[in-house]
Amino acid sequence: MEICKPIVTYTEKDIAIPEQLKANIVHDIPQEGIEWQRSYGRSVKTVFLEAQLVSFCDDHLQDASVFNNLFEKPLLHTFWLECYDIDTYKISVRDELISWIARLQKHGVVDWLVIVFESAESRKINKSKLLSRSSVVDKIKADFPQNVKNAAERCVSLTDPLNPKSNEAYQQLLQRIRSLLSNACSRQLSKYEDFIRMQRENRNSRDWNFFRFFIMQEQLAFAFEMFGLFDEALVQYDELDALFSQFVLNSNVGGIPVWLKNLSERCDVWHGLCLSKSVYTTLRNKIKDESANLLDLRNYLFARQCELLLLHNKPWEVASRSLPFLQNCVNELNLIEVDLTEGAVACWVFLSALEILQKCERYSDSSQMETYSRFTVGLWAYARKKLEELGILCGLMPDMSLTSDCLIKVVTLIAGMGQDPHSGDESQPSPQMRLKEALSKPESFLKQYLEISELTMGTYKHIGHLRFAKLIGKELAFLYMKLNEHQKSLPFLLDLEKTYLIEKWSTLLMDIRKYILKCYEILNDYKKQVRYNCLLAATSMTETCQSEFLEKAKKLVDEYEPSEESFVMNMDEIFPIISLSVSRKESLSTFELVLKIESKLCQPVHFERLIAFLHYEPQKPVRKSNKSESNCCSLQKASKSHSEDIPTFLTFTSSVGVGVQCPNITKCLKRSDSQGTLNLDGDLQKPDLSDYFSLSNISLNPGINEFHLTFESPSRKCGIYSLTQLYLDWNDHVSFASLALPTHVCFEVISEEPRLKVMRPMTLSEPTDLISGLLQRISLELGCGSYNFVEGTLFNIRASRGLKIKLETEVDCMMGDEVSLVLKSTLKPFDIYTIPLIVFASLCNQKDASATEYQISLNYRFPGFENSTKLIAAFHMIPSFISTMKLHTLNKRKLVEILVNGITNSRFELISADLHLVEAKDGDVEIKSLIGPKTFVVKKDQTAHLLWELISENSNATAKSILFEVKYKPLDGLNPNTELYDYTCDFKLNDYHTQYSIRATVEAQKGHEFCRVGSLCHLYVIIERLVSSISFPSIMYEVIADGSFWNISGRTAGVLNETSENVFKLSFEILPLTTGFLPLPSIRLSKYIACEKQSTNANVAEAKLVAFDTGQVYNWSRGLQINVLPSSGLIIAE
Amino acid sequence: MSVIAIAIINSENVPIYIKTKHDFCENSEDEEKINLLYILHSSLDIVEERQNQLQNRDAYLGLLNQCENYKIYGLLSTTKSKILLMVSMNSNTILRDTEARTILKQIHSTYVDVTTNNPFYCRGDEIVSKKLESVVKNAFVN
């Protein structure tokens, strides 16, 4: 560093300062820092001052109006004297000291110090004196002129300074020197700063010189650096940097100053930046001599900045400042139009960048590699670029030839680099060595270039700048292409293609694809050539390019050898699908796909076939019949995500909160694979699907094309068909396929069997229920399902038992079990064919109003089929009316009552009702009608009661079964003819002969005329047997009285054993409990079967009661009542 | 004419508006324009890096990338739309940082107006707008 340290002078009086002491002082001053109070309110800083001791001479007091050097003038003056007693002082020293001070004051010097040397001996002498009030030091202080400030501090006594024991006084001396020196420095610096400022103001004057100014301001930097204020020093250089840049920029506008002109004219060497001290010291000398060129100045300036940054412990900033520095410098060279040999700038940049990188590497820390890389990667990239530039210039690139012209260039460039500043250092190849090596021959150039490229690319990748890395990859790819190693360039290019495709930078994509195509052309990859030609034909900017690529593709396709395997290309970029929709055509099993495809090619292209493959998934049509009645297929369009199973969502509530749970979250939230969007046509294979829409011989015109494709679903292949892929067959071997369809299109094909259904014609006048016993109009509906019924198909309609049918159209026909019908027209699928029928179901022996099921079957056979098919329809009919029978008894007489109940609202007239005996011998039982030849009308809620008497001559003769016959005709409805229908109904009869009769009476107690409440009465019961032969031995009687009316005392039941008597008389005492007409207690008779005593079986040990059949017991007293009066007062009195 | 190129790139890094100086002058070479695009595209790396670094940030990103011949300034909107401004370093008038900021902000506000006020604009589509065109052209000319 070329700077004189602040000068401290010394004047010796009667003393020779020991050399050792001087050296100590110079050495010890910078050992401790001192607070530096600065002008202009700048912050206080601790500085470490250095100084040099110089013997005082008169020149030191010369007033210098111009600063040549910052610390040219001494900053502090010292006066050393050795005096032991005041007298000696007064005589010999005093005058001289005063005149010294006066001289200093005269020249405006305020920083001075007097040092009094006291040896230990002299001190002893002084102490021995009793009155040594004032020492020499005190005396000196007193002698200072009045105007001297801080007089007390300007005199220091020093005793034996070389002795460590007197260290305290020595330290005090140092402190004093530092303090005074710092004040002086501060004063001097601010003066100098003012001076620099003034100089800078003059920068536009003609004779101003940047070099001079540079050296001047640099003094400040040096001073700050010396004081340890590296940031302050850096500021000085930054100011100079900015000033210089401004000059260069302004040179563009105004005239170029002479010094700048000189600076630019001298550029005949391009020494790289060198950060070693020895080198930039020589540069400084050049600047000082005003012989430096622009690069020298810049190199020096940046080297100093770097040094200060490194001293300030900011190696990163070195890296971060480097790139702008290099770029700025190159710009400046351009701006002031420095005439440099071609490639010189590149050499300089390369050398400088590598120098900085090497320097930074020494400071890099592996933990901060990434931060560091962020700054250095730009340098690497820049160096790489410049190396490439040089390579092209000097014919070192692979596709170039090294001519003699190039060799001359290389020699010139190497000569301009000068000597290698790092020539002695063998630890690593110096930048210049590397560059020289690279320029020496193409092989080593390639090695260097690849090395730096890989390093740059790796660093970019490391810090996550993938796009930059890929861009370098592009250049590497070009290099490999030049090296004729196209296989190596492909990965880089494909990587770029992928990036641009994802981010849709179409121009770049197209550009890269051109190179990819070139590679494939060289590599002779037929398939890829076709593909990339097509892609480029679709995306190129100009039509001429487009047609050119298309022609190439067409030619390639035509040349294709059929022996090779076929291949498929992705069509999404060339023929994007605009829309898809499926609809059903006239024919039910035919579907039409309306497809809109855009052709991005500029000419019409002919394709052999367009196929849309369908994925078939069999599915049982789980549908309700009424839903599918009119639809044969349901077209579903759903979003893409609905590809397989629609995710089902469940909502659930809990005490904590409400949420939505997705049971198949993995399916729903499946990450959309970015690969899916890419054109990996290597994976495309023609699917082996049997179902597809197709269209042959089509021509795709530029722009949007619409196609109608049809698909005939195979019969009975029900299920869901979804559109999966679209294929465009160029020829047998080359085809395009869509990777993804814009919409998910699917449809469901269902198949239905023909069905038969019985429908009741809906009229207001007729009831909706079908009624048996009447002619009823029905219509038979034949649903064709998914089948065609051709004209002439024979239908055979058969009715089940009890049902007669005829066609409504054939009026004259008789009702029969079966009718046949020939189909007069063809039925299409899902047509409904109605056959109007008239049915009649005869009324059968029905005792209740429940409906009866009938069936009608329809047989048909399709022409050409052997088997006929039978369809069955069932329906219910309710009877018109029903009849029930009641048997009535009057002692021995028997009456049969037949009740005819109407069920429906229709009215029926019953004519000539008759009752017959079935299976009875004539004469034994006679039936006598009690009604006469009358007609009855029945309807709902209107019942006909018909009565007959059974008269038996013989008590043994019984009628087991009777048959009720009647003719009826409907009075309402659509049965205008008065044809009478027969109705028969048979009834079973049991043994109905009366066996016992019961007579019961209640009489008051004797002497009483009436029964009264609370007075005992008698119940007399007479049971009479009416038949002689009895099948059972005993009967049991029970008196059952209502507990609220009667209180019966004694036994109320008993058994009447076998006896020859026919009449049993029983009497009971009963007590009426209430007044009024009370019904008599009822008497019940039962057959009594006593237990068999021999039987060991416990179950049959009990006696059994068996009830009599209807009509076997006749009760005369049934319904009899007796008037019970209230009790008389007399009885109460009793 | 110190502006070389202006690009609006949406949040998916898809370019929705690109203008280069070549679009304004006739008989320019496509290759040059494509090279500019390569550089613009790679600058997205730096935008992404800044995007991850800063939290409370200004939309204007400042200088992204600098080369001998050009500087690239960037703006990153809150919706992650990016606007890149490529400026020449070789021309006589050098664009100042504040000027770059002004141009970018102006383009951004026009871009927002043009895209949000147009009901037919679909996100990701290329922008066709006379208003934006004139603003951009202005930036190129001045």
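See the structure shown above.
Residues numbered from 1 in each chain as written. Chains lettered and ligands numbered in written order. Predicted model: local features only at pLDDT ≥ 70, side-chain atom pairs only at ≥ 80, totals over all residues. Heavy atoms only, no water.

Caption draft 1: Highlighting the overall build of chain B. Secondary structure assignment for chain B yields three helices and five strands. Helices and strands appear in chain B in the N-to-C order β-β-α-β-β-β-α-α. Burial analysis of chain B (142 residues in total) assigns 54% to the buried set. Summarising the internal contacts of chain B: among those between residues at least 6 apart in sequence, 52% fall at separations of at least 24. In the structure as shown, chain B presents an accessible area of about 7,100 Å², 46% of it carried by carbon and sulfur atoms. (Helix = DSSP H or I, 4+ residues; strand = E, 2+ residues; numbered from the N terminus. Buried < 20%, exposed > 50% of the residue type's maximum accessible area, 1.4 Å probe, protein only. Contact = heavy atoms within 4.5 Å. Areas by Shrake-Rupley, 256 points an atom, 1.4 Å probe, with all protein chains shown as cover.)

Caption draft 2: Representation of unusual backbone geometry in the model. All names here are of chain A. In this structure, N484 is a non-glycine residue whose phi angle is positive, near 65 degrees. With respect to the secondary-structure elements, N484 resides in the loop between α17 (466–482) and α18 (486–502). A relative accessible area of 57% means that N484 is categorised as exposed.

Caption draft 3: Main features of the sheet that holds strand β36 (residues 981–988) of chain A. All names here are of chain A. Taken together, four strands build an open sheet; the order of strands is β33-β31-β35-β36 and the sheet is antiparallel. Strand pairing shows two members of the sheet lacking a second neighbour, β33 (936–938) and β36, which therefore form its edges. Direction aside, neighbouring strands of the sheet carry axes that sit 40 degrees apart on average. Note that strand β31 (residues 908–918) and β33 share three bridges and pair antiparallel. The partner of L910 across the bridge, within β33, is F936. (Pairing = 2+ DSSP bridges. Axes fitted to C-alpha atoms, helices over the stretch in contact; angles between N-to-C directions.)

Caption draft 4: Representation of the environment of A:P742 within the structure. If you trace the backbone, A:P742 turns up in the loop between β18 (734–737) and β19 (744–749). On a C-alpha basis, the gap between A:P742 and A:S579 in space is 6.9 Å, while along the polypeptide they are 163 residues apart.

Caption draft 5: Examining the packing of aromatic side chains more closely. Within this structure, the stated rule accounts for 54 aromatic pairs over all chains. Note on A:F325 and A:W348: the rings are 5.8 Å apart at their centroids and 65 degrees apart in plane angle, and the pair reads as edge-to-face. Note that A:F325 is positioned in helix α11 (residues 315–335) and A:W348 in helix α12 (residues 344–363), a separation of 23 residues in sequence. Each member of the pair, A:F325 as well as A:W348, carries the same accessibility label: buried. These aromatic residues form a ring-pair network of at least three members: A:W208, A:F210, A:F213, A:F214, A:F244, A:F247, A:W259 and A:Y300. The aromatic ring of B:Y38 is capped on one face by A:K474, whose charged end is 3.4 Å from the ring centroid. It is A:R531 that lies over the ring of A:Y532; its NZ or CZ is 5.1 Å from the centre. (Phe/Tyr/Trp six-rings, centres within 6.5 Å; stacked < 30°, edge-to-face > 60°. Lys NZ or Arg CZ within 6 Å of the ring centre and 35° of its normal.)

Caption draft 6: Up close: the interface of chain B and chain A. Taken residue by residue, the interface counts 26 residues in chain B and 25 residues in chain A. The salt bridge involving B:E48 is made with A:R467; its shortest N-O contact spans 3.0 Å. If you look at where chain B meets chain A, you find 14 residue pairs in polar contact (both at pLDDT 80 or more). For the side of chain B that touches chain A, the elements supplying multiple residues, two or more each, are β2 (15–20), α1 (30–53) and β3 (60–66) of chain B. (Salt bridge = Lys/Arg side-chain N within 4 Å of Asp/Glu carboxyl O. Polar contact = N/O pair within 3.5 Å; in protein donor to acceptor, adjacent residues only side chain to side chain.)

Caption draft 7: View of the packing of helix α2 (residues 86–106) of chain A against helix α4 (residues 136–143) of chain A. Residues and elements named next belong to chain A. For the pair α2 and α4, the least separation of the axes is 11 Å and the interaxial angle reads 35 degrees. Our pair here, α2 against α4, has a crossing hand that is right-handed. Residues I86, Y89, K90, R94, L97 and I98 of α2 lie in contact with α4, whose contacting residues are V136, K139, I140 and D143. Class assignment of the residues belonging to the contact of α2 with α4 gives a composition of six nonpolar, no polar and four charged. (Left-handed = near helix turned anticlockwise from the far one by under 90°. Nonpolar A, V, L, I, M, F, W, Y, C, P; charged D, E, K, R; others polar.)

Caption draft 8: Up close: the pairing of β2(B). Residues and elements named next belong to chain B. Taken across its six residues, β2 has five buried, putting it largely inside the fold. When strand β1 (residues 3–9) meets β2, the two strands line up antiparallel, connected through five bridges. If you follow I6 over to β2, its bridge partner there is K19. In sequence, β1 turns back onto β2 through a hairpin of five residues, with N13 there showing a positive phi of about 70 degrees.

Caption draft 9: Looking closely at the side chain of B:K71. Residue and element names in this part refer to chain B. The residue K71 is located in strand β4 (residues 70–76) in this model. Buried charge without a partner: K71 forms no salt bridge, and the closest opposite charge is D97, 7.1 Å away. Not counting the four nearest positions on each side in its chain, K71 is found in contact with L63, N65, Q66, L85, M86, V87 and M89. (Lys, Arg positive; Asp, Glu negative; His and termini not counted.)

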